[in-house]
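Summary of structural features
Residue-level listing of the chains:
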There are 2 protein chains.
Amino acid sequence: MKIESLNNNKVKEWVKLQDKKYRDINNKFLVEGDHLLKEALKTGRVVEIISDDKAWETSGIPFYEVSTQIMKKISKQVSGTKVIGVVQKNGDGKIEGNVCLLDNIQDPGNLGTIIRSAVAFNIKTIILSNDTVDLYNEKVIRASEGMIFGLNFIRGDLALIIDSLKKDNYKIYGTDVNKGINLKDITFHDKIALIIGNEGNGVREELKRKCDSLINIPIAKSCESLNASIAASIIFYEINR
Amino acid sequence: MKIESLNNNKVKEWVKLQDKKYRDINNKFLVEGDHLLKEALKTGRVVEIISDDKAWETSGIPFYEVSTQIMKKISKQVSGTKVIGVVQKNGDGKIEGNVCLLDNIQDPGNLGTIIRSAVAFNIKTIILSNDTVDLYNEKVIRASEGMIFGLNFIRGDLALIIDSLKKDNYKIYGTDVNKGINLKDITFHDKIALIIGNEGNGVREELKRKCDSLINIPIAKSCESLNASIAASIIFYEINR
């Protein structure tokens, strides 16, 4: 039966998932649109599908037909969206392959873009500091182009995690615009853990001290720094080069 | 005298500059915040400074003290801003140094980030197709981190401009995820014009046919493509490597 009322309890529950607090409590998040839903479906973690178009009904996953007005209410996009999936969060991921640690990344677009580039360049695990933006923010998921479903994610205290990575024979790389080694001169170890720092302040000093190598991407003097997702992606590229 | 009324004619004029149409008519645009204003001031093209704090008054440039409410009205940022500059647009730039051509880039964040990386990696001229997002969009200026003031910009018909670049001994490079040459195997010519394509569709076929080389950045099969500003920046990096 089509849901028409904005006061419907399911509708209220879906709208709440726009907020991090409720995503944390319910362990679920929303994905919007055809492309992202398809990527999410591959994981088997889509628990509900919501649309104003019955064509989106698929066997096996509870489907809710709703009014276009309700779609607009649940969507974070100005022009609304055709289909929304409710997705179960992944449990804590495992650490495998090359790792990228994010030290207080604040911009959701940057986080999403780093995720997309990580998949492109064979990084398998992303570790988010406790103060990094929420992984399940709608803008993060959108900027990742669905690549959020292709990686392991862990959130925690980076200093502690770096210590355990070291015990597991990872070499720790950080970035430093002043005293790092020119990226093209770095010989990467076979187990890489790369720390990308906050947009304004870079990698925390406390974490820099734990690095085996500090990397510098040489840039023109007239430019203060690269965007964080650009710096990360260029280093990912060089690791694969 | 402090402006308090939202109906003041100057206020109305500034608010209109949020729209491309009025930026085009008046040949002016707005920059928000301390950092961007400082970069703009270096160009000598700031014609008015607006703030709710008299401390921003500097000699030589007309200063308008306004209420905080008016600042919020003129600003595109949710939390408002402390200072706004009205800047005269640059006339048509000249073509010099390495060139990046943008074929229908739609996302303002991507355009701003490409500009920032271009300055970092010594690209001197950016040529925007007529259908590329407006250079003076507030989000473009913000994502550029003020680097918009450090480059030559031209807007026009890319096919015609490419023909004239060729006559001027530029080699034309495009990107192609399917049939391009591996980026690391490219030997770049000393006069480079690189075309970056639209976020969804890449470089138009018509323009690809004009390229001397098509470049491919190898990525994992599980990832469809890189973000346009990431692809551009990795190629800029490789040109300088």
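Source: prediction; values computed, not measured.

**Here's the deal with the overall build of chain A**
Looking only at helices and strands, chain A has 9 helices and 11 strands in total. Looking at chain A as a whole, 54% of its 241 residues are labelled buried. Pairs at least 24 apart in sequence give 73% of the contacts found in chain A among residues at least 6 apart. Of the roughly 11200 Å² that chain A leaves accessible, carbon and sulfur atoms contribute 45%. Charged side chains in chain A number 35 positive and 32 negative. The centres of these two groups are separated by 1 Å.

**Quick notes on the domain arrangement of chain A**
Residues and elements named next belong to chain A. Here chain A is partitioned into domain 1 (9-88) and domain 2 (98-240). At the interface, 15 residues of domain 1 touch 10 residues of domain 2. Summed over both sides, the interface of domain 1 with domain 2 buries roughly 1100 Å², with 68% coming from carbon and sulfur. Connecting domain 1 to domain 2 are 1 salt bridge. At the boundary of domain 1 and domain 2, one finds 3 residue pairs in polar contact (both at pLDDT 80 or more). When contributions to the side of domain 1 that touches domain 2 are tallied by element, the ones reaching two or more residues are α2 (20-26), β1 (28-32) and α3 (34-41).

**Details of the pattern of salt bridges**
Any two side chains of opposite charge can pair if their charged atoms end up close together. Counted under the stated rule, the structure contains 30 salt bridges over all chains. Arg241(B) is paired through a salt bridge with Glu238(A); the nearest N and O atoms lie 2.6 Å apart. Residue Arg241(B) is located in the segment after α9 (228-240), and its partner Glu238(A) is located in helix α9 (residues 228-240); the two belong to separate chains. Between Asp176(B) and Lys208(B) there is a salt bridge, with its nearest N and O atoms 3.1 Å apart. Remark: Lys208(B) occurs in helix α8 (residues 205-208) and Asp176(B) occurs in the loop between β8 (171-175) and β9 (181-182); sequence separation between them is 32 residues. For Asp176(B), a relative accessible area of 5% puts it in the buried group. Taking the relative accessible area as the measure of exposure, Lys208(B) reaches 14% and is therefore buried. Three or more residues joined by partner-sharing salt bridges are found here, namely Lys10(A), Glu13(A) and Glu48(A).

**Details of the sheet that holds strand β7 (residues 152-156) of chain B**
Residues and elements named next belong to chain B. Pairing in this open sheet of 7 strands is parallel, and the strands run β7-β6-β5-β10-β8-β11-β9 from one edge to the other. Since the sheet does not close on itself, it has two edges, and those belong to β7 and β9, each with one partner. Taken together, the 3 bridges between β8 and strand β10 (residues 192-197) define a ladder with parallel strand orientation. Looking at the pairing, Lys171 lines up with Ile192 of β10.

**Brief notes about the interface of chain A and chain B**
Between chain A and chain B, the contact holds 28 residues from the first and 28 residues from the second. Between chain A and chain B, a total of about 2300 Å² is buried, with carbon and sulfur atoms accounting for 63% of that surface. Summed over the three residues of chain A that lose the most area to chain B, namely Arg116(A), Tyr237(A) and Arg241(A), the buried surface amounts to 26% of that side. One can count 2 salt bridges joining chain A with chain B. Here chain A is connected to chain B by 10 residue pairs in polar contact (both at pLDDT 80 or more). Taken together, the elements giving at least two residues each to the side of chain A that touches chain B come down to α5 (108-120) and α9 of chain A. Looking at the side of chain A that touches chain B, the element that brings in the most residues is α9(A), giving 6 residues. For the side of chain A that touches chain B, the per-class residue count stands at 14 nonpolar, 9 polar and 5 charged.

**A few points about the relation of the copies chain A and chain B**
Superposing chain A onto chain B takes a rotation of 180 degrees combined with a translation of 0.0 Å along the rotation axis, leaving an RMSD of 0.0 Å. When the rotation and shift are considered jointly, the pair of chain copies conforms to a two-fold rotation axis. When you check the interface residues of chain A against chain B, 100% turn up at the interface there too, and the contact is symmetric in its surfaces.

**Some points on the nonpolar core**
Counting 108 residues, the largest nonpolar core has Ile115(A), Ile126(A), Ile115(B) and Ile126(B) as the members making the most contacts within it. Among residues more than four places away in sequence, those in contact with Ile115(A) are Ile126(A), Leu135(A), Val140(A), Ser144(A), Met147(A), Ile148(A), Leu151(A) and Phe153(A).

**A closer look at the layout of surface pockets**
Residue and element names in this part refer to chain A. By volume, the second largest pocket amounts to about 350 Å³. Forming the boundary of the second largest pocket are 22 residues, of which Lys89, Asn90, Leu135, Tyr136 and Phe153 lie nearest the centre. Elements that contribute at least two residues to the lining of the second largest pocket include exactly α2 and β7 (152-156). With 4 residues, the single largest contributor to the lining of the second largest pocket is β7. Among the residues making up the lining of the second largest pocket, the classes are represented as 9 nonpolar, 6 polar and 7 charged. When we break the lining of the second largest pocket down by domain, the ones giving at least three residues each are domain 1 (9-88) and domain 2 (98-240).

**Observations regarding the side chain of Asn198(B)**
All names here are of chain B. The residue Asn198 is located in the loop between β10 and α8 in this model. Looking at Asn198, the relative accessible area reads 11%, which means it is buried. One polar contact links the side chain of Asn198 to the main-chain amide nitrogen of Gly200, over a distance of 2.8 Å. Among residues more than four places away in sequence, those in contact with Asn198 are Asp103, Asn104 and Gln106.

Reading guide: rules and limits
- Residues numbered from 1 in each chain as written.
- Chains lettered and ligands numbered in written order.
- Predicted model: local features only at pLDDT ≥ 70, side-chain atom pairs only at ≥ 80, totals over all residues.
- Heavy atoms only, no water.
- Helix = DSSP H or I, 4+ residues; strand = E, 2+ residues; numbered from the N terminus.
- Buried < 20%, exposed > 50% of the residue type's maximum accessible area, 1.4 Å probe, protein only.
- Contact = heavy atoms within 4.5 Å.
- Areas by Shrake-Rupley, 256 points an atom, 1.4 Å probe, with all protein chains shown as cover.
- Lys, Arg positive; Asp, Glu negative; His and termini not counted.
- Charge placed at Lys NZ, Arg CZ, Asp CG, Glu CD.
- Domains from an automatic or database assignment.
- Buried area = accessible area lost by both parts, 1.4 Å probe.
- Salt bridge = Lys/Arg side-chain N within 4 Å of Asp/Glu carboxyl O.
- Polar contact = N/O pair within 3.5 Å; in protein donor to acceptor, adjacent residues only side chain to side chain.
- Pairing = 2+ DSSP bridges.
- Nonpolar A, V, L, I, M, F, W, Y, C, P; charged D, E, K, R; others polar.
- Least-squares fit on C-alpha atoms with pLDDT ≥ 70 in both.
- Core = buried A, V, L, I, M, F, W, Y, C linked by side-chain atoms within 4.5 Å.
- 1 Å grid on protein atoms, 1.4 Å probe; cavity = no way out; pocket = protein on both sides within 12 Å on 5 of 7 lines; lining within 4 Å.
- Points joined across faces, edges and corners; volume = space filled by probe spheres on them.

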